[in-house]
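A structural walkthrough
In case you want the letters, here they are:
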Amino acid sequence: MSEPEQVNGEVDEPGWEVDPDDEWGLAVLATVGRQLRLRREAVGMRVPEFAVAIGYGEALVYKVEGGKRIPRPEYLDKAEEVLGADGLISAMKEDVAKVRYPKKVRALAKMEAQAVELQLYDPLNIHGLLQTPEYARTLLLMRRPAYTGDEVERYIAARLARKTIFKRDPGPELGFVLEEWTLRRPLGGRELLRRQLEHLLETAQLRNVELQVMPMDREEHAGVDGGIDVLKFADGSAVGRSPVLANGRPVSEPKLLRILELRYGIIRAQALTPRESTAFIEQLLGET
(Lines give C-alpha, C1' and ligand atoms only; values in the text may rest on other atoms or scores of the structure.)
Protein backbone atom coordinates (compact mmCIF):
# COMPACT_ATOMS: atom_id res chain seq x y z
CA MET A 1 0.00 0.00 0.00
CA SER A 2 1.25 3.49 -0.77
CA GLU A 3 2.26 5.94 1.92
CA PRO A 4 -0.64 7.86 3.49
CA GLU A 5 -1.30 11.32 2.08
CA GLN A 6 -1.78 14.47 4.11
CA VAL A 7 -5.33 15.70 3.54
CA ASN A 8 -6.20 19.10 4.97
CA GLY A 9 -3.77 18.47 7.80
CA GLU A 10 -4.91 14.89 8.40
CA VAL A 11 -3.50 11.57 7.23
CA ASP A 12 -5.58 9.88 4.55
CA GLU A 13 -6.80 6.64 6.12
CA PRO A 14 -6.91 3.26 4.36
CA GLY A 15 -9.79 2.33 2.10
CA TRP A 16 -9.09 4.58 -0.89
CA GLU A 17 -6.84 2.29 -2.91
CA VAL A 18 -8.04 0.82 -6.20
CA ASP A 19 -8.82 -2.91 -6.32
CA PRO A 20 -6.50 -4.14 -9.11
CA ASP A 21 -8.94 -6.93 -10.01
CA ASP A 22 -11.93 -4.60 -10.42
CA GLU A 23 -12.00 -3.83 -14.15
CA TRP A 24 -15.14 -1.67 -13.94
CA GLY A 25 -13.74 0.28 -11.01
CA LEU A 26 -10.42 0.85 -12.78
CA ALA A 27 -12.26 2.08 -15.87
CA VAL A 28 -14.35 4.50 -13.81
CA LEU A 29 -11.32 5.94 -12.05
CA ALA A 30 -9.39 6.26 -15.32
CA THR A 31 -12.28 8.24 -16.81
CA VAL A 32 -12.70 10.42 -13.73
CA GLY A 33 -8.97 11.10 -13.51
CA ARG A 34 -8.79 12.03 -17.18
CA GLN A 35 -11.77 14.40 -16.89
CA LEU A 36 -10.23 16.06 -13.83
CA ARG A 37 -6.91 16.54 -15.60
CA LEU A 38 -8.51 17.91 -18.78
CA ARG A 39 -10.66 20.33 -16.77
CA ARG A 40 -7.66 21.50 -14.75
CA GLU A 41 -5.59 22.05 -17.89
CA ALA A 42 -8.50 23.83 -19.60
CA VAL A 43 -8.50 26.53 -16.91
CA GLY A 44 -4.71 26.83 -17.05
CA MET A 45 -3.91 25.42 -13.60
CA ARG A 46 -0.77 23.41 -12.97
CA VAL A 47 -0.78 20.58 -10.42
CA PRO A 48 1.03 22.51 -7.62
CA GLU A 49 -1.40 25.43 -7.93
CA PHE A 50 -4.43 23.13 -8.06
CA ALA A 51 -3.22 21.12 -5.06
CA VAL A 52 -2.93 24.27 -2.95
CA ALA A 53 -6.35 25.49 -4.09
CA ILE A 54 -8.16 22.31 -3.03
CA GLY A 55 -6.03 21.61 0.06
CA TYR A 56 -4.58 18.24 -0.98
CA GLY A 57 -1.01 17.11 -1.61
CA GLU A 58 0.47 17.15 -5.12
CA ALA A 59 1.21 13.42 -4.97
CA LEU A 60 -2.45 12.66 -4.29
CA VAL A 61 -3.54 14.87 -7.20
CA TYR A 62 -1.25 12.93 -9.54
CA LYS A 63 -2.63 9.61 -8.23
CA VAL A 64 -6.26 10.69 -8.66
CA GLU A 65 -5.68 12.06 -12.16
CA GLY A 66 -3.77 8.89 -13.05
CA GLY A 67 -6.65 6.67 -11.90
CA LYS A 68 -4.53 5.24 -9.07
CA ARG A 69 -6.49 6.58 -6.10
CA ILE A 70 -10.19 6.83 -5.29
CA PRO A 71 -10.97 10.53 -4.70
CA ARG A 72 -12.94 11.41 -1.61
CA PRO A 73 -16.35 13.10 -2.07
CA GLU A 74 -14.79 16.22 -0.48
CA TYR A 75 -12.01 16.15 -3.08
CA LEU A 76 -14.54 16.11 -5.92
CA ASP A 77 -16.63 18.84 -4.31
CA LYS A 78 -13.60 21.10 -3.95
CA ALA A 79 -12.43 20.34 -7.50
CA GLU A 80 -15.91 21.18 -8.79
CA GLU A 81 -15.76 24.53 -7.02
CA VAL A 82 -12.17 25.46 -7.92
CA LEU A 83 -12.44 24.40 -11.57
CA GLY A 84 -15.94 25.80 -12.12
CA ALA A 85 -16.99 22.52 -13.69
CA ASP A 86 -20.73 23.33 -13.95
CA GLY A 87 -21.75 20.01 -12.38
CA LEU A 88 -19.51 17.82 -14.57
CA ILE A 89 -17.39 16.61 -11.67
CA SER A 90 -20.27 16.32 -9.19
CA ALA A 91 -22.08 14.07 -11.67
CA MET A 92 -19.32 11.49 -11.27
CA LYS A 93 -19.59 11.19 -7.48
CA GLU A 94 -22.10 8.34 -7.44
CA ASP A 95 -19.99 6.03 -9.64
CA VAL A 96 -16.81 6.99 -7.78
CA ALA A 97 -18.48 6.08 -4.47
CA LYS A 98 -19.38 2.63 -5.82
CA VAL A 99 -15.73 1.91 -6.69
CA ARG A 100 -15.00 1.62 -2.96
CA TYR A 101 -17.33 -1.37 -2.69
CA PRO A 102 -15.92 -4.83 -3.54
CA LYS A 103 -17.37 -6.27 -6.75
CA LYS A 104 -19.46 -8.95 -5.06
CA VAL A 105 -20.90 -6.42 -2.60
CA ARG A 106 -21.73 -4.03 -5.45
CA ALA A 107 -23.71 -6.75 -7.21
CA LEU A 108 -25.55 -7.62 -3.99
CA ALA A 109 -26.36 -3.97 -3.26
CA LYS A 110 -27.78 -3.57 -6.77
CA MET A 111 -30.14 -6.51 -6.27
CA GLU A 112 -31.17 -5.30 -2.82
CA ALA A 113 -31.95 -1.86 -4.25
CA GLN A 114 -34.36 -3.44 -6.77
CA ALA A 115 -36.04 -5.96 -4.46
CA VAL A 116 -39.56 -5.42 -3.11
CA GLU A 117 -39.23 -8.17 -0.49
CA LEU A 118 -36.20 -9.66 1.29
CA GLN A 119 -36.21 -12.78 3.48
CA LEU A 120 -32.92 -13.03 5.37
CA TYR A 121 -31.46 -15.50 7.85
CA ASP A 122 -27.84 -15.54 9.09
CA PRO A 123 -27.02 -18.29 11.62
CA LEU A 124 -23.52 -17.00 12.40
CA ASN A 125 -23.83 -13.26 13.01
CA ILE A 126 -26.29 -10.43 13.27
CA HIS A 127 -27.15 -9.77 9.63
CA GLY A 128 -24.96 -7.16 7.93
CA LEU A 129 -27.93 -4.89 7.13
CA LEU A 130 -28.68 -4.72 10.86
CA GLN A 131 -25.15 -4.10 12.14
CA THR A 132 -24.01 -0.80 13.59
CA PRO A 133 -20.77 0.56 12.06
CA GLU A 134 -18.88 -0.21 15.28
CA TYR A 135 -20.17 -3.78 15.41
CA ALA A 136 -19.34 -4.31 11.73
CA ARG A 137 -15.80 -3.04 12.26
CA THR A 138 -15.33 -5.38 15.23
CA LEU A 139 -16.40 -8.41 13.17
CA LEU A 140 -14.18 -7.46 10.24
CA LEU A 141 -11.15 -6.98 12.48
CA MET A 142 -11.69 -10.45 13.96
CA ARG A 143 -11.48 -12.23 10.60
CA ARG A 144 -8.58 -14.66 10.13
CA PRO A 145 -6.55 -14.48 8.04
CA ALA A 146 -6.76 -10.80 8.83
CA TYR A 147 -8.04 -8.27 6.31
CA THR A 148 -5.74 -5.39 5.45
CA GLY A 149 -6.67 -1.95 6.76
CA ASP A 150 -7.71 -1.02 3.21
CA GLU A 151 -10.00 -4.04 2.94
CA VAL A 152 -11.62 -3.33 6.31
CA GLU A 153 -12.45 0.24 5.31
CA ARG A 154 -13.81 -0.82 1.93
CA TYR A 155 -16.08 -3.46 3.46
CA ILE A 156 -17.37 -1.06 6.12
CA ALA A 157 -18.12 1.58 3.49
CA ALA A 158 -19.95 -1.00 1.40
CA ARG A 159 -21.95 -2.32 4.34
CA LEU A 160 -23.05 1.16 5.34
CA ALA A 161 -24.00 2.00 1.77
CA ARG A 162 -26.33 -1.01 1.65
CA LYS A 163 -28.27 0.46 4.58
CA THR A 164 -29.89 2.97 2.21
CA ILE A 165 -32.42 0.17 1.66
CA PHE A 166 -34.10 1.29 4.91
CA LYS A 167 -34.59 4.80 3.48
CA ARG A 168 -36.37 3.78 0.28
CA ASP A 169 -39.91 5.10 -0.14
CA PRO A 170 -41.83 2.94 -0.61
CA GLY A 171 -39.50 0.57 1.18
CA PRO A 172 -39.26 -3.18 0.56
CA GLU A 173 -40.67 -5.70 3.01
CA LEU A 174 -37.73 -6.88 5.13
CA GLY A 175 -37.82 -10.06 7.19
CA PHE A 176 -34.91 -11.10 9.43
CA VAL A 177 -34.47 -14.17 11.62
CA LEU A 178 -31.74 -13.77 14.23
CA GLU A 179 -30.15 -16.47 16.37
CA GLU A 180 -30.33 -15.83 20.12
CA TRP A 181 -26.68 -16.71 20.62
CA THR A 182 -25.56 -13.97 18.20
CA LEU A 183 -27.44 -11.48 20.38
CA ARG A 184 -25.69 -12.66 23.54
CA ARG A 185 -22.06 -12.71 22.39
CA PRO A 186 -20.37 -9.53 23.75
CA LEU A 187 -18.12 -9.09 20.71
CA GLY A 188 -16.10 -5.92 21.22
CA GLY A 189 -17.39 -5.53 24.77
CA ARG A 190 -20.75 -5.22 26.46
CA GLU A 191 -21.17 -1.53 25.71
CA LEU A 192 -20.81 -2.26 21.99
CA LEU A 193 -23.36 -5.06 22.31
CA ARG A 194 -25.76 -2.73 24.12
CA ARG A 195 -25.62 -0.22 21.28
CA GLN A 196 -26.19 -3.03 18.79
CA LEU A 197 -29.25 -4.31 20.67
CA GLU A 198 -30.62 -0.76 20.90
CA HIS A 199 -30.17 -0.42 17.14
CA LEU A 200 -32.10 -3.65 16.58
CA LEU A 201 -34.99 -2.35 18.67
CA GLU A 202 -35.03 0.91 16.70
CA THR A 203 -35.01 -0.96 13.40
CA ALA A 204 -37.80 -3.26 14.55
CA GLN A 205 -40.07 -0.21 14.86
CA LEU A 206 -39.99 0.39 11.11
CA ARG A 207 -43.30 -0.59 9.53
CA ASN A 208 -41.73 -2.63 6.74
CA VAL A 209 -39.34 -4.58 9.01
CA GLU A 210 -39.98 -7.81 10.91
CA LEU A 211 -37.34 -9.13 13.29
CA GLN A 212 -37.68 -12.61 14.73
CA VAL A 213 -35.41 -14.38 17.19
CA MET A 214 -34.70 -18.09 17.13
CA PRO A 215 -34.27 -19.15 20.79
CA MET A 216 -31.44 -21.49 21.73
CA ASP A 217 -33.82 -23.85 23.54
CA ARG A 218 -35.67 -24.89 20.36
CA GLU A 219 -35.53 -28.67 19.92
CA GLU A 220 -36.26 -28.41 16.17
CA HIS A 221 -34.54 -26.01 13.80
CA ALA A 222 -34.86 -25.93 9.99
CA GLY A 223 -31.85 -23.64 9.66
CA VAL A 224 -29.13 -26.14 10.48
CA ASP A 225 -27.97 -26.15 6.83
CA GLY A 226 -26.90 -22.51 6.91
CA GLY A 227 -28.04 -19.03 6.00
CA ILE A 228 -30.77 -18.08 3.56
CA ASP A 229 -31.29 -15.01 1.40
CA VAL A 230 -34.36 -14.67 -0.83
CA LEU A 231 -34.89 -11.46 -2.79
CA LYS A 232 -38.16 -10.91 -4.66
CA PHE A 233 -38.71 -8.33 -7.39
CA ALA A 234 -41.67 -6.36 -8.71
CA ASP A 235 -41.91 -8.42 -11.91
CA GLY A 236 -42.50 -11.62 -9.91
CA SER A 237 -38.96 -12.97 -10.31
CA ALA A 238 -36.73 -13.87 -7.38
CA VAL A 239 -33.15 -14.72 -6.51
CA GLY A 240 -32.07 -16.92 -3.62
CA ARG A 241 -28.85 -18.03 -2.02
CA SER A 242 -27.76 -20.57 0.59
CA PRO A 243 -24.47 -22.38 1.27
CA VAL A 244 -26.08 -25.77 0.61
CA LEU A 245 -27.48 -24.91 -2.83
CA ALA A 246 -25.33 -24.47 -5.96
CA ASN A 247 -22.22 -23.97 -3.81
CA GLY A 248 -23.64 -20.74 -2.45
CA ARG A 249 -24.15 -19.11 -5.85
CA PRO A 250 -27.34 -17.06 -6.46
CA VAL A 251 -30.12 -19.19 -7.95
CA SER A 252 -33.34 -18.29 -9.73
CA GLU A 253 -34.68 -21.72 -10.74
CA PRO A 254 -38.25 -22.19 -9.37
CA LYS A 255 -37.44 -25.60 -7.86
CA LEU A 256 -34.47 -24.30 -5.88
CA LEU A 257 -36.32 -21.16 -4.83
CA ARG A 258 -39.20 -23.27 -3.49
CA ILE A 259 -36.71 -25.21 -1.34
CA LEU A 260 -35.30 -21.98 0.11
CA GLU A 261 -38.71 -20.46 0.74
CA LEU A 262 -39.92 -23.69 2.38
CA ARG A 263 -36.93 -23.69 4.72
CA TYR A 264 -37.30 -20.01 5.50
CA GLY A 265 -41.02 -20.40 6.21
CA ILE A 266 -40.36 -23.23 8.67
CA ILE A 267 -37.59 -21.23 10.36
CA ARG A 268 -39.95 -18.29 10.81
CA ALA A 269 -42.63 -20.57 12.26
CA GLN A 270 -40.14 -22.06 14.74
CA ALA A 271 -38.84 -18.64 15.84
CA LEU A 272 -40.47 -16.19 18.23
CA THR A 273 -43.07 -13.87 16.73
CA PRO A 274 -41.97 -10.27 15.97
CA ARG A 275 -43.70 -9.01 19.12
CA GLU A 276 -42.17 -11.75 21.28
CA SER A 277 -38.79 -11.10 19.67
CA THR A 278 -38.88 -7.39 20.48
CA ALA A 279 -39.68 -8.21 24.09
CA PHE A 280 -36.88 -10.77 24.13
CA ILE A 281 -34.31 -8.25 22.81
CA GLU A 282 -35.49 -5.72 25.39
CA GLN A 283 -34.90 -8.35 28.08
CA LEU A 284 -31.40 -9.07 26.75
CA LEU A 285 -30.65 -5.36 26.72
CA GLY A 286 -31.65 -5.14 30.36
CA GLU A 287 -29.32 -8.01 31.22
CA THR A 288 -26.34 -6.63 29.27
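Before reading on, note that the structure itself is shown above.
Residues numbered from 1 in each chain as written. Predicted model: local features only at pLDDT ≥ 70, side-chain atom pairs only at ≥ 80, totals over all residues. Heavy atoms only, no water.

**Digging into the packing of helix α1 (residues 23-42) against helix α4 (residues 73-83)**
The interhelical angle for the contact between α1 and α4, taken along N-to-C directions, is 25°, at an axis separation of 10 Å. Here α1 lies roughly parallel to α4, going by the angle between them. Regarding α1 and α4, the two cross each other, and that crossing is left-handed. Residues L36, R39 and R40 of α1 form the contact with α4, whose participating residues are Y75, L76, A79 and L83. (Axes fitted to C-alpha atoms, helices over the stretch in contact; angles between N-to-C directions. Helix = DSSP H or I, 4+ residues; strand = E, 2+ residues; numbered from the N terminus. Parallel < 35°, antiparallel > 145°, perpendicular 65-115°, else oblique. Left-handed = near helix turned anticlockwise from the far one by under 90°. Contact = heavy atoms within 4.5 Å.)

**As for the layout of surface pockets**
Here the largest pocket is characterised by a volume of approximately 1,100 Å³. Lining the largest pocket are 32 residues; nearest its centre among them are D122, R143, R159, R162 and R241. Elements represented by at least two residues in the lining of the largest pocket include exactly α6 (103-114), β3 (115-122), α7 (133-142), α8 (149-162) and β6 (228-233). Among the elements that line the lining of the largest pocket, the one with the most residues is α6, at 5 residues. (1 Å grid on protein atoms, 1.4 Å probe; cavity = no way out; pocket = protein on both sides within 12 Å on 5 of 7 lines; lining within 4 Å. Points joined across faces, edges and corners; volume = space filled by probe spheres on them.)

**As for the environment of T31**
As for its placement among the helices and strands, T31 is situated in helix α1. Along the primary structure T31 and E65 are separated by 34 residues, whereas in three dimensions their C-alpha atoms are 8.9 Å apart.

**Description of the packing of aromatic side chains**
Evaluated as defined, the whole model comprises 2 aromatic pairs. Between Y56 and Y75 the ring centres are 4.9 Å apart and the planes differ by 70°, which places this aromatic pair in the edge-to-face class. Pair noted here: Y56 is in the loop between α2 (47-54) and α3 (58-65) and Y75 is in helix α4, with a separation of 19 residues, a long-range link. In this structure Y56 comes out as buried when scored by relative accessible area, which is 6%. Among the residues examined, Y75 registers a relative accessible area of 1% and is labelled buried. (Phe/Tyr/Trp six-rings, centres within 6.5 Å; stacked < 30°, edge-to-face > 60°. Buried < 20%, exposed > 50% of the residue type's maximum accessible area, 1.4 Å probe, protein only.)

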